[in-house]
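# Fold and contact review
Listed below are the residues making up each chain.
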Amino acid sequence: MNTTLTLTAPIAGWLMPLDDVPDPAFAGRMLGDGAAIDPTGSLLCAPCDGVVTLLADTRHAVTVKSESGIEILLHVGIDTVRLRGEGFVAHTHAGARVRRGDPLLELDLDRLARGAASLVTPVVAAGDTPHRVSALRSDGLVHAGEAFLEIVRIDEARGSDPAATTPDAVVTVVVAQEHGLHARPAARIARRSREYRARVVVSAHGRRAQAGSTIELMALGAARGDTLTLEAFGPDAATAVRGLAGEIGTGEGGPVRESVGRAAEPAGGNGPVRELVGAVASRGIAVGIAQQLAAPELAVDEQGREPGRERAALAAAREVARGRLQALAGTAGGDVLAAQAELLDDPGLLALADTAIGEGKSAGFAWRWATREAGARLLGTGSTLLAERAADLEDVARQVLIALTGREPAAPALPDAAIVLAAELLPSELGRLDLGKVAGLCTAGGGPTSHVALVAASLGIPAVVGAGPGVLGIPDGARVLLDAEAGRLHVEPGGDALVRAERSIAERRTRQARLLAAAARECETADGCRIEMFANLASVAEAEHAVRSGAEGCGLLRTELLFQQRRRAPTVDEQAREYQAIADALAPRPLVIRLLDVGGDKPIPCLPLPREDNPLLGLRGLRVGFRHPEILRGQLAAILRTEIPGGRRVLLPMVNEPGDIRRVRELLAEAGAAADRAGRVLLGAMIETPASVALADSLAREADFLSIGSNDLAQYTLALDRTHPELGAAFDHLHPALLRQIAAVVAAAGERSVSVCGALASDRAAVPVLIGLGVRTLSAVPNAIPELKALIRTLTVAECEVLAAAALAEDDAHGVRRVLAAASRNPA
Ligand code: PEP
Ligand code: MG
């Protein structure tokens with residue numbers, strides 16, 4: 001029989017859904033489901049009766065195991081492990097029996113707020129016991145001791161644990177993580193362990209933990225440099241211990257030592273699975289029917305004919321493949337397929353294939369070998385971005401083999417509402433599917449920036465990638481629930497989960513339809529202040545999507561994509577064609593084209609830049625253009641050929657001083673003279689360095705408009721790499737230091753238009769503050785526009801100004817978020 005546990009709030013504060021926790025591990029439910037509280041009180045109490053099963057040495061996390069066996073994790077703040085116990089006083093100890101409301105920890109909120117990225121405290125049901133969580137309340141102020149969550153323990157028949165006492169494989173590994181096995185790495189290991197059929201036990205310091213339990217792993221108290229023993233029992237034991245050891249011992253932690261490896265590996269797949277966890281590539285929820293999409297291998301003869309004939313056959317097949325890719329480019333993912341066509345001419349690939357043909361191999365055999373060899377090299381770089389290009393290579397290989405063999409496997413017939421499952425989904429395969437029947441996608445491999453992920457996002461199809469080999473074991477026809485909000489795929493979900501998912505899908509649809517219906521209208525606040533809502537774009541497909549989403553034009557066209565996808569820089573003609581196609585898709589709406597902004601975290605293959613110790617402070621943005629003026633001249637010439645309603649507007653990236661704008665004006669004059677089209681071009685300066693903020697008044701005199709790039713401005717103001725894998729939680733663009741800079745820029749700009757085009761403009765929480773600071777033009781990601789417009793219509797400038805003043809008075813981002821959460825409202 002199912003038992004219900006009611007949790008009372010362990011601390012007073014503001015309730016929020018886990019989705020809003022500024023930590024992907026909690027927001028993605030990697031540690032369990034529940035809710036979070038942004039504390040206003042300072043005493044953390046037991047949310048139920050039970051036993052304290054863990055009190056972290058650093059006292060930032062406590063777990064209480066209820067009588068029904070559910071473990072509740074209370075994790076005070078985000079990244080608080082690094083405070084090493086400072087700011088916490090423990091009133092309990094591991095093993096203590098507690099009653100609901102008993103004090104567990106006392107918090108020094110001031111100390112914690114100074115040292116932690118956020119004080120938001122997730123309260124989640126963790127552990128292995130099957131359960132379901134439902135929120136009694138999901139927002140507003142909650143008092144300590146007030147009921148807020150309900151957890152139903154689901155007592156279902158479970159496979160009994162193997163009774164084996166002798167492990168089938170054992171390894172020892174040294175912990176590499178800086179702060180040991182704290183919540184995030186423990187969750188990662190637990191998640192990974194569920195990919196294997198073997199049961200894995202991890203031991204250290206005389207304690208043992210099931211690898212599938214985050215809580216038990218945390219309770220090991222393993223610090224960096226400690227040696228752990230991993231014992232696995234079951235069919236894929238050897239793979240499991242190696243995989244998990246890699247997760248624990250990556251980095252400088254030291255080598256993995258294998259002592260036993262006896263388990264026989266079963267052939268293929270990981271058997272039946274119920275839930276898989278991966279990365280969200282395109283948000284949304286879908287319920288549908290599983291359909292595997294295995295691409296059958298195309299047979300080719302190894303031995304070739306006379307090399308000249310094989311070379312000619314390969315050249316002809318590459319041309320056929322190019323035509324096919326160009327034709328498919330008109331359907332889905334055009335930009336991606338155009339980039340793939342480039343690979344057909346890659347000299348490295350061609351040289352490899354040529355060598356194999358010279359050794360007597362057939363064109364098909366040689367081409368397949370060359371693409372696999374090149375793919376293996378990409379995978380070997382360890383770069384996820386490059387690894388994702390390996391899938392493109394495979395796709396290109398396939399197109400040529402289809403042309404060579406003249407055999408094209410039929411596209412699979414899809415059931416209605418198909419959830420398409422694949423090892424990797426190739427963009428050309430996606431283009432061949434009947435998209436009207438695709439409700440969602442889930443792949444075993446791939447990453448959220450892989451091309452198929454980008455295509456899925458632009459088509460609005462929910463997608464989860466990198467969900468592991470278990471994806472391939474799901475039988476065709478199984479009912480699946482794809483939760484591409486939490487990054488999960490549930491196989492044959494329970495009735496309750498289905499009902500909840502169907503309800504959430506219906507609600508989303510209704511809400512989205514309501515927002516979209518109103519999105520086309522011009523945007524103004526409730527008291528009649530006009531706010532221009534533009535879109536950030538990179539391609540024609542996005543421009544079309546932006547128009548459907550209610551964008552009033554494009555405030556930032558990132559031209560990088562056009563260069564990133566090519567081995568050689570695009571010609572002036574190619575650029576002009578692309579810019580014109582985007583302008584036409586937007587017409588009669590305006591278009592702001594930003595000059596190439598590469599370098600730093602945005603490399604491009606067609607312009608190799610020297611290795612730099614500090615690339616973010618090196619060749620980036622305009623500096624690259626000034627070093628390679630032919631690129632700027634080409635871009636400006638292409639822009640001069642483009643007819644844009646309302647005139648040509650060009651945005652300059654990484655401007656530091658007015659001289660930067662004057663240099664571009666000179667290049668523009670040269671390009672204009674060369675093209676004999678000296679039409680007036682408005683030049684705008686991106687404000688994204690502290691220097692440009694300090695000189696905003698001079699820049700406003702030199703430029704025609706200003707646009708604040710909040711992503712880089714936050715990065716350079718906080719001296720924090722915006723892509724840093726570990727400091728992500730501390731990178732908060734709502735930092736008051738950034739807000740004060742925006743206020744200063746608006747004041748310095750006088751009559752000049754100031755827009756915001758960084759991610760801040762797409763952040764629902766930030767938009768009222770921006771309006772309060774005097775910003776009247778926003779450029780956001782297309783998907784955010786309907787909701788932002790609806791939100792703006794509910795605001796008055798006066799209330800935004802009060803909010804902005806309160807935000808400016810805070811002394812960290814946490815304080816700003818607290819002020820905003822208190823005033824937040826949900827449109828529609
Ligand atoms: C920014 O820095 O905020 C910006 C819009 O430019 P990008 O993100 O392309 O660097
Ligand atoms: Mg920038």
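Heads up: the structure comes first, above all this text.
Residues numbered from 1 in each chain as written. Chains lettered and ligands numbered in written order. Predicted model: local features only at pLDDT ≥ 70, side-chain atom pairs only at ≥ 80, totals over all residues. Heavy atoms only, no water.

### Here we look at the coordination of the magnesium ion (ligand 2)
- Here the magnesium ion (ligand 2) is held by Glu688 (OE) and Asp712 (OD), and the distances to it run 2.0 to 2.2 Å. With Glu688 in the loop between β32 (681–687) and α20 (690–694) and Asp712 in helix α22 (residues 710–718), this residue pair connects regions lying 24 residues apart in the sequence. Of the two residues, Glu688 and Asp712, neither departs from the other in class, the shared state being buried. (Donors = N, O, S within 2.8 Å, 3.2 Å for Na, K, Ca; no water. Helix = DSSP H or I, 4+ residues; strand = E, 2+ residues; numbered from the N terminus. Buried < 20%, exposed > 50% of the residue type's maximum accessible area, 1.4 Å probe, protein only.)

### Here's the deal with the sheet that holds strand β31 (residues 648–652)
- With respect to topology, eight strands assemble into a closed barrel ordered β28-β29-β30-β31-β32-β33-β34-β35, the strand pairing being parallel. Within the sheet, the average angular offset between the axes of one strand and its neighbour, ignoring direction, is 25°.
- In terms of strand pairing, β31 meets β32 through five bridges, oriented parallel. Across the sheet, Val650 pairs through a bridge with Leu683, a residue of β32.
- Contacting β30 (591–594), β31 and β32, helix α18 (residues 629–641) crosses the sheet at an angle of about 155° to β31. (Pairing = 2+ DSSP bridges. Axes fitted to C-alpha atoms, helices over the stretch in contact; angles between N-to-C directions. Contact = heavy atoms within 4.5 Å.)

### Quick notes on the pattern of salt bridges
- Throughout the structure, instances matching the rule amount to 29 salt bridges.
- The shortest N-O distance in the salt bridge between Lys437 and Asp416 comes to 4.0 Å. Pair noted here: Lys437 is in the loop between α11 (427–432) and β24 (438–443) and Asp416 is in the loop between α10 (384–405) and β23 (418–422), with a separation of 21 residues, a long-range link.
- You can call Lys437 partly exposed: its relative accessible area is 29%.
- Of the charged contacts in the structure, one is a salt bridge between Arg508 and Glu485, with a shortest N-O distance of 2.7 Å. One end of the pair, Arg508, is in helix α13 (residues 495–519); the other, Glu485, is in the loop between β26 (479–483) and β27 (488–491), and 23 residues separate them in sequence.
- A cluster of three or more residues bridged by salt bridges with shared partners is formed by Glu560, Arg594, Asp597, Arg620 and Asp712. (Salt bridge = Lys/Arg side-chain N within 4 Å of Asp/Glu carboxyl O.)

### Remarks on helix α27 (residues 813–823)
- Among all positions of α27, only Ala813, His814, Gly815, Val816, Val819 and Leu820 are buried.
- Packed against the buried residues of α27 are β3 (33–39), α23 (736–749), α24 (767–772) and α26 (797–809).

### Brief notes about the site of ligand 1
- Taken together, 15 residues form the shell around ligand 1, and within it Arg558, Arg594, Gly709, Asn711 and Arg722 come nearest.
- In this structure, Glu688 approaches ligand 1 through a side-chain N or O atom, which is 3.0 Å from an oxygen atom.
- Asp712 has a polar backbone atom sitting 2.9 Å from an oxygen atom of ligand 1.
- Computed on the free molecule, ligand 1 has an accessible area of 290 Å², of which 99% lies beneath the protein chains in the complex.
- A molecule is said to occupy a pocket when more than half its atoms come within 2 Å of that pocket's grid points, and by this definition ligand 1 occupies the largest cavity.
- At the level of elements, β29 (554–558) and α22 are the ones that each hand at least two residues to the shell around ligand 1.
- Looking at the shell around ligand 1, the element that brings in the most residues is α22, giving three residues.
- Residue composition of the shell around ligand 1, grouped by class: three nonpolar, four polar and eight charged. (Near = heavy atom within 4 Å. Polar contact = N/O pair within 3.5 Å; in protein donor to acceptor, adjacent residues only side chain to side chain. Areas by Shrake-Rupley, 256 points an atom, 1.4 Å probe, with all protein chains shown as cover. 1 Å grid on protein atoms, 1.4 Å probe; cavity = no way out; pocket = protein on both sides within 12 Å on 5 of 7 lines; lining within 4 Å. Sits in = over half its atoms within 2 Å of the grid points. Nonpolar A, V, L, I, M, F, W, Y, C, P; charged D, E, K, R; others polar.)

### Focus: the nonpolar core
- If you look at the biggest cluster of nonpolar residues, it comprises 96 residues, and the most contacted ones within it are Leu591, Leu652, Leu706 and Leu778.
- Considering each element in turn, this core owes the most residues, seven residues, to α18.
- Excluding its chain neighbours within four sequence positions, the residues that come into contact with Leu778 are Ile531, Glu532, Met533, Phe534, Val756, Ala761, Val767, Leu770 and Ile792. (Core = buried A, V, L, I, M, F, W, Y, C linked by side-chain atoms within 4.5 Å.)

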